[in-house]
There are 2 protein chains.
Amino acid sequence: MSVLIVGSTALDSIKTPNAENPRLLGGSASHAAVAASFFSPVKLIGVVGHDFPKRYVQLYRRHGIDLTGLQTMPGKTFHWSGEYELNMNNRRTLLTELGVFETFNPTLPKTHQAAPFVLLANIAPALQHRVLDQMRKPKFVVADTMDLWLNIALPDLLKLLPRLDGFVLNDSEAHQLTKEDNVFAALRKIHKLGPKYVIIKKGSHGSILSSPRGFFICPAYPLHKVCDPTGAGDSFVGGMMGYLATARGSVDKNIRRAMINGSVVASFCCEGFGLNRTTKLKRAQIDQRVKELEKLTRF
Amino acid sequence: MSVLIVGSTALDSIKTPNAENPRLLGGSASHAAVAASFFSPVKLIGVVGHDFPKRYVQLYRRHGIDLTGLQTMPGKTFHWSGEYELNMNNRRTLLTELGVFETFNPTLPKTHQAAPFVLLANIAPALQHRVLDQMRKPKFVVADTMDLWLNIALPDLLKLLPRLDGFVLNDSEAHQLTKEDNVFAALRKIHKLGPKYVIIKKGSHGSILSSPRGFFICPAYPLHKVCDPTGAGDSFVGGMMGYLATARGSVDKNIRRAMINGSVVASFCCEGFGLNRTTKLKRAQIDQRVKELEKLTRF
């Protein structure tokens, strides 16, 4: 089955203590779509400007991503620029140029409206709503978010939560949303806001799922060196949704292994700038790290 | 087989945002010894003053702890007082009265010198050396430490590391010791300082073992509420050593399950002030949480 993914399609200029990379392909939807493409067919919903490089369109195509829902509009592609500190955990936004995103109104082709798996990757909650409004009875809808929307669009986000099956956020966002320091107390409060499946991402500490079948403690793959963590969270949730869309059986049965696969794609994402490493990945390399994670957690 | 444990035996006055508890039984050796006692016989090495309450001696005895090596000296028992912030992660030392610890010189009874498992719980590295000097070919020696010794006794600690089989420290201490932000890079550097088994504790994020058989990602048991985390790290390593001392087969075969058992005892420790919860524990309750952790990590 296919996954429909909406989110930002952007150019990222990323500075780390060791390097500077201007105008890489980035955005939540780009990372999530490429990650999902290793497991299932992907339909991308997004918008780019006339300056969007052809080689990035070709990159999407190489991953078999359906671009019928990718609009090209007059103006510039969304451009984000950020800088990481030495420990790679803290980042600072240097510049945000919304460009064509300012007037983006996602419109789904008919062929897209029946997609069974829907990932509302990080983007304004109002746009996540608009995509959901056009869907016909999807099987499993998951949304991601970021601190910005908790700050400036909380009412929209709170209205979105009851429309979701799953909600993914990081630990500091969970704290901001619930005022709870304890992850498990936060999970309990987020369930009350709507979603049955809540996943809190903790970066290099892995992630925690709370679901009708209880908790799952999902490890991160051990990395000795992080090159650039931009897009790791999007790769995680993209890989997870791609895996879920093709796995046989119920979401409950598959979601743990789906998270592990997402976690592995995220680990590769961290090993290169932007999508540089992820885009060179082979499915067999993912399977290899999944096996290693099995060994690393068995007792 | 039995575990010999040396460390601090103290009175702890603990303040949290919700409560204040004066002069609880505390210290690294007390927490580690009680935790180990659920699995194996324990020989305690420590020192207390004339003010040490009889009920705490009785508490040790109820856990079957051999007190032949616990000295009583003229003067006051070591007293530590600390305060936790609302999130229970940051703590501030309010007061440290060394008392009889100032002149403590651990002397091992003959019966103790052949103990196969030795835990040098958190205490000055010079005292950890003195205990090791008196041991006859122990099978497995593990030491814990704290930031204080990295600050004021680093040369002693660096001389201790090659004498150890295992070394346990938390993530901020690992960073302080190696200048590495990345846990796996830090582990690699610590191996070069001597120990074959290195464990980095990450509080509610669990712990990571690096050993001749590779990494193990050890989860923390999910707690919705932490009452008082004092002694959780000592309970973890104490429980681990107690488990190792009675498990059949090699350390390599048993250390993962030993860490899981230690992690579970630490979770109970966090649910009460000082040793209040740990001391009421039954082995069956530990086994129950170990089983739950198996379910929470399986995929």
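To be clear, the structure that these remarks concern was listed above.
All values reported here derive from a predicted model rather than from experimental measurement. (Residues numbered from 1 in each chain as written. Chains lettered and ligands numbered in written order. Predicted model: local features only at pLDDT ≥ 70, side-chain atom pairs only at ≥ 80, totals over all residues. Heavy atoms only, no water.)

Things to note about the relation of the copies chain B and chain A
Once chain B is rotated about the relating axis by 180° and shifted along it by 0.0 Å, it coincides with chain A to within an RMSD of 0.0 Å. Expressed as an axis order, the relation between the two copies is that of a two-fold axis. Scanning chain B for the C-alpha nearest the rotation axis identifies B:H205, at a separation of 3.1 Å. Comparing contact sets, 100% of the residues at the interface of chain B also lie at the interface in chain A, consistent with an isologous, same-surface contact. (Least-squares fit on C-alpha atoms with pLDDT ≥ 70 in both. Contact = heavy atoms within 4.5 Å.)

A few points about the packing of aromatic side chains
Residues and elements named next belong to chain A. For the coordinates displayed, the defined rule picks out 18 aromatic pairs over all chains. Ring centres 5.3 Å apart and planes at 65° place the aromatic pair F101 and F104 in the edge-to-face group. No difference in accessibility class separates F101 from F104, as the two residues are buried. Ring centres of F117 and F140 lie 6.3 Å apart, and the angle between their planes is 55°; on these two criteria the pair is classed as tilted. (Phe/Tyr/Trp six-rings, centres within 6.5 Å; stacked < 30°, edge-to-face > 60°. Buried < 20%, exposed > 50% of the residue type's maximum accessible area, 1.4 Å probe, protein only.)

Quick notes on the pattern of salt bridges
In total, this model carries 16 salt bridges over all chains according to the counting rule given. Taking the shortest distance from any N to any O, the salt bridge between A:R289 and A:E271 comes out at 3.0 Å. Placement of the pair is A:R289 in helix 10 (residues 283-297) and A:E271 in the loop between helix 9 (251-269) and helix 10, with a sequence separation of 18 residues. By relative accessible area, A:R289 is classed as buried at 11%. By relative accessible area, which is 32% here, A:E271 ends up partly exposed. The partner of B:K189 in a salt bridge is B:E180, with the nearest N and O atoms 3.3 Å apart. Accessibility expressed as a relative area gives 39% for B:K189, which makes it partly exposed. Residue classification places B:E180 among the partly exposed positions, given a relative accessible area of 24%. (Salt bridge = Lys/Arg side-chain N within 4 Å of Asp/Glu carboxyl O. Helix = DSSP H or I, 4+ residues; strand = E, 2+ residues; numbered from the N terminus.)

Concerning the interface of chain B and chain A
Across the boundary between the two partners, chain B contributes 30 residues, which contact 30 residues of chain A. When chain B packs against chain A, the two sides together hide about 2,700 Å² of surface, and 62% of this comes from carbon and sulfur. On the chain B side of the interface with chain A, the three residues burying the most area are B:I217, B:H224 and B:F299, jointly 30% of the side's total. Our enumeration of links across chain B and chain A arrives at 0 salt bridges. Our enumeration of links across chain B and chain A arrives at 16 residue pairs in polar contact (both at pLDDT 80 or more). Secondary structure elements with two or more residues in the side of chain B that touches chain A: helix 7 (183-191), strand 13 (214-218), helix 9 (251-270) and helix 10 (283-297) of chain B. (Buried area = accessible area lost by both parts, 1.4 Å probe. Polar contact = N/O pair within 3.5 Å; in protein donor to acceptor, adjacent residues only side chain to side chain.)

Description of the environment of B:S211
Residues and elements named next belong to chain B. Structurally, the position occupied by S211 is in strand 12 (residues 207-211). S211 sits 13 residues away from V198 along the chain, and the two C-alpha atoms are 6.6 Å apart. Once residues within four sequence positions are removed from consideration, S211 is found in contact with H191, K196, Y197 and D252.

Observations concerning the pairing of strand 10 (residues 166-170) of chain B
All names here are of chain B. Counting buried residues along strand 10, 4 of its 5 residues qualify, which places the element largely inside the surrounding structure. Where strand 9 (residues 140-144) meets strand 10, 3 bridges bridge the pair, whose relative direction is parallel. Following the sheet pairing, V142 is matched in strand 10 by G166. Of the pairings in the sheet, the one linking strand 10 to strand 11 (residues 197-201) comprises 5 bridges and is parallel in character. Residue pairing in the sheet places L169 in a bridge with I200 of strand 11. (Pairing = 2+ DSSP bridges.)

Side note on the pairing of strand 2 (residues 10-15) of chain A
All names here are of chain A. Here strand 2 lies mainly inside the structure; 5 of its 6 residues are buried. Of the strand pairs in this sheet, strand 2 and strand 3 (residues 20-26) are connected by 5 bridges, and their pairing is antiparallel. Directly across from D12, in strand 3, lies its bridge partner L24. In sequence, strand 2 turns back onto strand 3 through a hairpin of 4 residues. Inspection of the sheet shows strand 2 paired to strand 6 (residues 79-84) by 5 bridges, in the parallel sense. Its bridge partner being in strand 6, K15 is matched across the sheet by E83.

Description of the sheet that holds strand 6 (residues 78-84) of chain B
Residues and elements named next belong to chain B. With mixed pairing, 4 strands are arranged side by side in an open sheet as 3-2-6-7. Each of the sheet's edge strands pairs with one partner strand only, and the pair in question is strand 3 (20-26) and strand 7 (91-97). Pairs of neighbouring strands in the sheet enclose a mean axial angle of 20°, with direction left out of account. Bridge analysis of strand 6 against strand 7 gives 6 bridges, and the strand direction is antiparallel. (Axes fitted to C-alpha atoms, helices over the stretch in contact; angles between N-to-C directions.)

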